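# Structure at a glance
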Amino acid sequence: MSIGLVFASTPNGDSTRRASDVLSLSPIDNMALDLELDRRFAWRWLLTVVRGDCVLLLGFDAHEAAFLTRALVHADVTEDARAANVLLVNGLRPECAAGLDFLQLRSLAVVARGNVVSAWHHWMAGRFAHVSNYALLAPTTPRLIVPLGKRDWTIAGLALHRPGRSIARVAMAVLTVLARVGIEQPLRGNMVCIANMDVNLPHHGARLTGLDHSSTNSSQTYALYLGTPDANRKTVILPLNGVRTVILKHGDSPIARAALRNEASALQAMSQTSLAAQVPLLCDVVDRDGSVTLRQEYRSRQRMGSARLNRAAVEFLGELSRQGRCSRPLAEVLSQPGLMSVSEARAQGHAAYARVRDHLDVLAAKRTMIWGHRSHGDFAPWNVSWTTKGFFVFDWEASQTWCEAFCDAFYFVVAPELHVKKRTDPTRTINKALKMAANVAKRGGFEGADLTICFALWILRVCKEHTFYRDMLSEIEIRMRR
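In short, a report on the structure.

What counts and what doesn't
- Residues numbered from 1 in each chain as written.
- Predicted model: local features only at pLDDT ≥ 70, side-chain atom pairs only at ≥ 80, totals over all residues.
- Heavy atoms only, no water.
- Pairing = 2+ DSSP bridges.
- Helix = DSSP H or I, 4+ residues; strand = E, 2+ residues; numbered from the N terminus.
- Axes fitted to C-alpha atoms, helices over the stretch in contact; angles between N-to-C directions.
- Phe/Tyr/Trp six-rings, centres within 6.5 Å; stacked < 30°, edge-to-face > 60°.
- Buried < 20%, exposed > 50% of the residue type's maximum accessible area, 1.4 Å probe, protein only.
- Polar contact = N/O pair within 3.5 Å; in protein donor to acceptor, adjacent residues only side chain to side chain.
- Salt bridge = Lys/Arg side-chain N within 4 Å of Asp/Glu carboxyl O.
- Right-handed = clockwise from strand over helix to strand, strands pointing away.
- Expected span 1.5 Å × (residues − 1).
- Contact = heavy atoms within 4.5 Å.
- Disulfide = S-S within 2.5 Å.
- Parallel < 35°, antiparallel > 145°, perpendicular 65-115°, else oblique.
- Nonpolar A, V, L, I, M, F, W, Y, C, P; charged D, E, K, R; others polar.
- Core = buried A, V, L, I, M, F, W, Y, C linked by side-chain atoms within 4.5 Å.

## Regarding the sheet that holds strand 15 (residues 369-375)
Ordered in space as 14-15-18, the three strands form an open sheet in which the pairing is antiparallel. A single partner strand is all that each edge strand has here, and the edge strands are strand 14 (326-329) and strand 18 (400-404). Taken over all neighbouring pairs, the strand axes of this sheet differ in orientation by 45° on average, direction set aside. Across three bridges, strand 15 lies against strand 18 in antiparallel orientation. Among the inter-strand pairings, Gly372 is bridged to a residue of strand 18, identified as Glu404.

In structure tokens form, the structure reads like this:
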């Protein structure tokens, strides 16, 4: 972490700069850097930065400053403390502001460890009308931004993240129990403190997502789920004041925007089906300033045993298999992008892939047909929940109007084996996936579907994503030869 001012010039010098004046990077370097900084500085959503503001940055290096200058749309970065009306501080104690002449300061944001934030509280005493504190979890690589100071808000914010690994689930459970009894100290390892003189200014994120034009005013409090630092990262925002029935998903990158537009289309289509009550209601789509935001129905998660949840998943997928169901020639399916030919697989040393593809090519030559239908596309256990209104399925970003049958059932089993369990077993996983698919087939009224062929086709599509998929490909190839 850099200590001191972003720029070397005198703090009260007369200058403002855009990102292009700060740093010049290649497009590839910019993209890789932005993915990491985009999530690390996702707390910018909570700032009250508006058009024409002058922002002074303390404790940020040149790369970080360039990113924030691009991200804080319509604001200027300044080196002049006298001109600055917004001050952002990264990890520094209040002594960094000694000698700076703040004439117009309206807003202050500090991201730092809890003891440093406490020191800033003393510095800002009496200067600001409203001060908000947020916990960054985990402290080094934040996935959540949770408001502190009100027990109900903290607990609701913690509920946004459902970790896969058991140790992380235990940690979140402990933090939630402590929050219920009013103990916040474990949440103060890394914090964001935001202070404002004017409580009526909208949050930076509220403007981007259209909340500043809605009935939600600037005094609203939010919890944020930050996702993973990749090109498809979205910020999930839960408004906490009042009844929590709406949640927002916001994306800036081209990939994230496309995913959200696809989810909006899927939710609109699903609202016309028999499964509408188990899918989020799409309330609004805001597409502006190079970002897309979905406002959709939110239901809080209820405790439910895995056996009952699995049965509900089978029932849901059985009914989903009736949406847009039709068969297509296997030859047509195999000709779609993303699949290697036998020769391509052999040239790249993927022997098992080549043998499975060769077997499917033989079936295609015999004019074999493949059933398909509307898919969810990311039907993992963490994208479903039990609520007061029953089974609920969200995150429809990867939905397709037609995908090979049982792909969602396969992923529902494979995802936790891949991402949660420490030891993977291809044979056990395939057996569980085929059993799940058989239950969905029975529920959905599929007659005579060859589940092994369906699994083989699905594995060909996803095997590049992880070595475990390739291990299962070898196992399924043995079964196909029997």
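Next comes the rest of the account.
## Focus on the packing of aromatic side chains
Scanning the model with the defined rule gives 17 aromatic pairs in all. Plain terms: the ring middles of Phe316 and Phe379 are 6.0 Å apart, the flat faces sit at 10° to each other, and that makes the pair stacked. Placement of Phe316 in helix 9 (residues 306-320) and of Phe379 in the loop between strand 15 and strand 16 (384-387) is noted, with a sequence separation of 63 residues between them. Summarising the burial analysis for this pair, Phe316 and Phe379 share the class buried. Taking 5.6 Å as the distance between ring centres and 55° as the angle between the ring planes, the aromatic pair formed by Phe455 and Trp458 counts as tilted. Here the residue Phe455 and the residue Trp458 both occupy positions in helix 15 (residues 451-462), the gap between them amounting to three residues, near one helical turn. Neither Phe455 nor Trp458 differs from the other in exposure class; each is buried. Through successive ring pairs, a cluster of aromatic residues spans Trp371, Phe406, Phe410, Phe446, Phe455, Trp458 and Tyr469.

## What about helix 3 (residues 62-71)?
Side chains three or four residues apart in an α-helix point the same way, a direct result of the helix having 3.6 residues per turn. The element helix 3 is extensively covered by neighbouring structure, given that seven of its 10 residues are classed as buried. Looking at helix 3, one finds that the buried residues are Glu64, Ala65, Ala66, Phe67, Leu68, Thr69 and Ala71. Sitting at the amino-terminal end of helix 3 is Asp61, which places a side-chain oxygen 3.1 Å from the backbone nitrogen of His63.

## Considering the pattern of salt bridges
Tallied over the entire structure, the rule returns 25 salt bridges. The partner of Arg233 in a salt bridge is Asp38, and the shortest N-O contact between them spans 2.7 Å. Here the residue Arg233 occupies a position in the loop between strand 9 (222-225) and strand 10 (235-239), and Asp38 occupies one in helix 2 (residues 27-40), the gap between them amounting to 195 residues. Asp38 carries the same exposure label as Arg233, and that label is buried. The shortest N-O distance in the salt bridge between Arg93 and Glu95 comes to 3.8 Å. For Arg93, a relative accessible area of 39% puts it in the partly exposed group.

## Some points on the pairing of strand 16
The alternating pattern of strand 16 places Val384 and Trp386 and Ser385 and Thr387 on opposite faces, both of which are buried. Strand direction decides the pairing type here: strand 16 and strand 17 (residues 390-393), joined by four bridges, are antiparallel. When the bridges of strand 17 are listed, Ser385 appears paired with Phe392. Where strand 16 hands over to strand 17, the hairpin turn is made up of two residues, counted between the paired strands.

## What to know about the pairing of strand 2 (residues 54-58)
Sheet faces and side chains relate simply in a regular strand, where the side chains alternate between the two faces. Of all five residues making up strand 2, five are buried, and the element is well covered by its neighbours. Read as a crossover between parallel neighbours, the route from strand 2 over helix 3 to strand 3 (residues 76-80) is right-handed. As paired strands, strand 2 and strand 4 (residues 86-90) are joined by four bridges and run parallel to one another. Residue pairing in the sheet places Leu57 in a bridge with Leu88 of strand 4.

## Some points on helix 9
A rise of 1.5 Å per residue sets the reference length of helix 9, with its 15 residues, at 21 Å; its end C-alpha atoms lie 20 Å apart and thus fit the reference within 8%. The complete set of buried residues in helix 9 reads Leu309, Ala312, Ala313, Val314, Phe316, Leu317, Gly318 and Leu320. Buried residues along helix 9 sit in contact with helix 8 (254-270), strand 15, strand 16, strand 17, helix 13 (407-419) and helix 14 (426-444).

## Thoughts on the state of the cysteines
Note on terminology: disulfide describes a covalent bond linking the sulfur atoms of two cysteines. Applying the stated criterion to the full structure yields zero disulfides. Counting only cysteine sulfurs, Cys403 is the nearest neighbor of Cys407, a cysteine outside any disulfide, at a range of 3.3 Å. Accessibility expressed as a relative area gives 7% for Cys407, which makes it buried. As a non-bridged cysteine, Cys454 has Cys407 as the owner of its nearest cysteine sulfur, 9.7 Å distant.

## Section: the packing of helix 14 against helix 16 (residues 467-480)
Axis separation between helix 14 and helix 16 bottoms out at 9 Å; the angle between their running directions is 75°. The angle between helix 14 and helix 16 places the two elements in the roughly perpendicular class. Within the contact between the two elements, helix 14 uses Pro426, Thr427, Thr429, Ile430, Asn431 and Leu434 and helix 16 uses Phe468, Asp471, Met472, Glu475, Ile476 and Arg479. When the residues that make up the contact of helix 14 with helix 16 are grouped by side-chain class, the tally is six nonpolar, three polar and three charged.

## Some points on the packing of helix 5 (residues 151-158) against helix 6 (residues 166-180)
Contact geometry of helix 5 with helix 6 gives a least axis separation of 9 Å together with a crossing angle of 170°. Between helix 5 and helix 6, the angle is such that the two are roughly antiparallel. The residues of helix 6 that touch helix 5, namely those facing Arg151, Thr154, Ile155 and Leu158, are Met172, Leu175, Thr176, Ala179 and Arg180. In terms of residue class, the contact of helix 5 with helix 6 is made up of five nonpolar, two polar and two charged.

## Describing the nonpolar core
Note that soluble globular proteins tend to have their nonpolar side chains buried in a common cluster. The biggest cluster of nonpolar side chains holds 77 residues, and the ones touching the most others in it are Phe316, Leu360, Phe391, Phe406, Phe455, Trp458 and Tyr469. A total of 10 residues in this core trace back to one element, the largest contributor, which is helix 15. The residues contacting Tyr469, other than those within four sequence positions of it, are Tyr411, Val414, Leu418, Trp458, Ile459, Val462 and Cys463. By size, the runner-up hydrophobic cluster in this structure holds 44 residues, among which are Trp120, Trp123, Leu144 and Ile247.

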